[in-house]
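Residue strings, one per chain:
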Amino acid sequence: MKHLFMTIAMAAAVTACGHRASTAEGTDADSISVDSTNVDVAAVDTLRTDSIAKEYSDSTAHVLVSAEWPVDGEKALVASIRRYICEELAIDVTTDEEHHVNYTDDGKKLVAGIASKQFKDLSGMWYDAKKEGYGGDMAYEFLVRTWKLEETDTYITYMWTSEGFTGGAHGYFLATGTSFRKSDGKTFGYEMEYNRATEKHDVINQTMFKKSSSPQLYKIIKEGAKRYFKDCEVTITNDEELAENLQVEDVNRIPLPSNPPYFTKDGLCFTYQQYEIACYAVGLVSFTVPYDKIRPLLTEEAAALIPSAK
């Protein structure tokens, strides 16, 4: 049986060329439940966390849910990150139904409840598919994790990844990051709202960029996309070749990713999900913009999170 307990190394996989979600491997083992809790004793300035995980697996389904749960720190920051974890772990891409968020201060109960429900639902889906004659022998899979990527004097960045397989030609993989201001837990970014008139998504509740559609920002995104393909050893010499590798109307006006960029030690990281601006085979188009280039475009509050140069 394959155990995909994702570690911090998964952060590197977000920017890996053509990343594909791994598919499930069936097993004849009996159902098992693995529960782990480990206090993170690494040097942390203000946030102390527990690593909580719950796993179920048999020949029909493999489910793993894990979270780095805040247990001590600045009150508003802890509350903000806990709320974020509750919302992220509740995301279920295997259904079109609106997901229910269970807000709680009990991380163990949250993780255990989500893992149990997902295992029951996936196993039921697997049996239903077999009865209807289109299911294969591969176990269905749901692997979701959220963890602290890094911490500075001004912010804490959390990552969320969701990986799975529910039949079909291939699985799925999603990855997002969210940065919290350490002083009060505030996040910076925007929301996307579908505009029926233009049949496009508009950026609303903007708190990260001074302008969400400035020529300077479009140029930075275009350069980042080119850099992503270069890192993947795909030669891009002109706009036509870039357009061939992307699925956008205009490579000079590539929209912001649906999930806001997040702060890292190397710069602001932009990540586009599968199918968002490119086909599945291209992977998650992701790139990091150095702070000296992106700082002038950020709001004053967002720019204040940038780590001081050493």
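Above this note sits the structure.
A closer look at the overall build of the chain
Part 1 of the reasoning: Scanning the chain from N- to C-terminus turns up seven helices and eleven strands.
Part 2 of the reasoning: Counting across all 310 residues of the chain, residues that qualify as buried make up 47%.
Part 3 of the reasoning: Here the chain displays about 15600 Å² of accessible surface, and carbon together with sulfur accounts for 48% of that area.

Thoughts on the pattern of salt bridges
Part 1 of the reasoning: This model, assessed by the stated rule, comprises 13 salt bridges.
Part 2 of the reasoning: Close ionic contact of Arg82 with Asp105 constitutes a salt bridge, the shortest N to O distance being 3.3 Å. Separated by 23 residues along the polypeptide, Arg82 in helix α2 (residues 75-89) and Asp105 in the loop between α2 and α3 (107-131) bring together distant segments of the chain.
Part 3 of the reasoning: Given a relative accessible area of 59%, Asp105 falls into the exposed group.

Some thoughts on the packing of aromatic side chains
Part 1 of the reasoning: Tallying each qualifying case throughout the model produces 13 aromatic pairs.
Part 2 of the reasoning: Summarising the aromatic geometry, the rings of Tyr228 and Phe229 are spaced 5.4 Å apart at their centres and angled 80° between planes, so their arrangement reads as edge-to-face.
Part 3 of the reasoning: On the basis of relative accessible area, Tyr228 is assigned to the buried category, the value being 2%.
Part 4 of the reasoning: The buried category is assigned to Phe229, whose relative accessible area is 3%.
Part 5 of the reasoning: Pairwise contacts between aromatic rings join Phe209, Phe270, Tyr272 and Phe287 into one cluster.

A closer look at the sheet that holds strand β9 (residues 262-264)
Part 1 of the reasoning: Taken in spatial order, the three strands make up an open sheet running β9-β10-β11, and their pairing is antiparallel. Every interior strand has two partners, whereas the edge strands, β9 and β11 (286-289), have only one. On average, each strand axis in the sheet is inclined to that of its neighbour by 35°, with strand direction left out of account.
Part 2 of the reasoning: In the sheet, strand β10 (residues 267-271) pairs with β11 via four bridges, with the strands oriented antiparallel. Bridge pairing in β11 places Leu268 opposite Val289.

Here's the deal with the environment of Asn238
Part 1 of the reasoning: Structurally, Asn238 can be placed in the loop between α4 (215-231) and α5 (239-245).
Part 2 of the reasoning: Looking at Asn238, the relative accessible area reads 29%, which means it is partly exposed.
Part 3 of the reasoning: Sequence separation of Asn238 and Lys226 is twelve residues, and the distance between their C-alpha atoms is 9.5 Å.
Part 4 of the reasoning: Of the polar contacts made by the side chain of Asn238, one reaches the backbone nitrogen of Glu240; its length is 3.1 Å.

Let's talk about α3
Given 3.6 residues per helical turn, the α-helix brings residues three or four places apart onto the same face.
Part 1 of the reasoning: With 25 residues, α3 should cover 36 Å at 1.5 Å per step; its first-to-last C-alpha distance of 36 Å lies within 8% of that length.
Part 2 of the reasoning: Listed as buried for α3 are Gly107, Leu110, Val111, Ile114, Ala115, Gln118, Phe119, Leu122, Ser123, Trp126 and Ala129.
Part 3 of the reasoning: In this fold, the buried residues of α3 make contact with β2 (48-57), β3 (61-72), α2 and β4 (140-151).
Part 4 of the reasoning: The distance from a side-chain oxygen at the start of α3 to the backbone nitrogen of Lys108 is 3.3 Å, and the residue carrying that oxygen is Asp106.
Part 5 of the reasoning: Directly beyond the C-terminal end of α3, a positive phi value near 85° is found at Gly133.

Section: the layout of surface pockets
By rolling a water-sized probe across the atoms, one finds the places where empty space is left.
Part 1 of the reasoning: Of the voids in this model, the largest pocket is the one considered here, and its volume is about 1700 Å³.
Part 2 of the reasoning: Around the largest pocket, the lining comprises 50 residues; the ones closest to its centre are Tyr190, Glu191, Met192, Ser258 and Asn259.
Part 3 of the reasoning: Contributions of two or more residues to the lining of the largest pocket are made by α2, β6 (172-181), β7 (191-195) and β8 (200-204).
Part 4 of the reasoning: Across the lining of the largest pocket, the residue classes tally to 19 nonpolar, 19 polar and twelve charged.

Conventions adopted
Residues numbered from 1 in each chain as written. Predicted model: local features only at pLDDT ≥ 70, side-chain atom pairs only at ≥ 80, totals over all residues. Heavy atoms only, no water. Helix = DSSP H or I, 4+ residues; strand = E, 2+ residues; numbered from the N terminus. Buried < 20%, exposed > 50% of the residue type's maximum accessible area, 1.4 Å probe, protein only. Areas by Shrake-Rupley, 256 points an atom, 1.4 Å probe, with all protein chains shown as cover. Salt bridge = Lys/Arg side-chain N within 4 Å of Asp/Glu carboxyl O. Phe/Tyr/Trp six-rings, centres within 6.5 Å; stacked < 30°, edge-to-face > 60°. Pairing = 2+ DSSP bridges. Axes fitted to C-alpha atoms, helices over the stretch in contact; angles between N-to-C directions. Polar contact = N/O pair within 3.5 Å; in protein donor to acceptor, adjacent residues only side chain to side chain. Expected span 1.5 Å × (residues − 1). Contact = heavy atoms within 4.5 Å. 1 Å grid on protein atoms, 1.4 Å probe; cavity = no way out; pocket = protein on both sides within 12 Å on 5 of 7 lines; lining within 4 Å. Points joined across faces, edges and corners; volume = space filled by probe spheres on them. Nonpolar A, V, L, I, M, F, W, Y, C, P; charged D, E, K, R; others polar.

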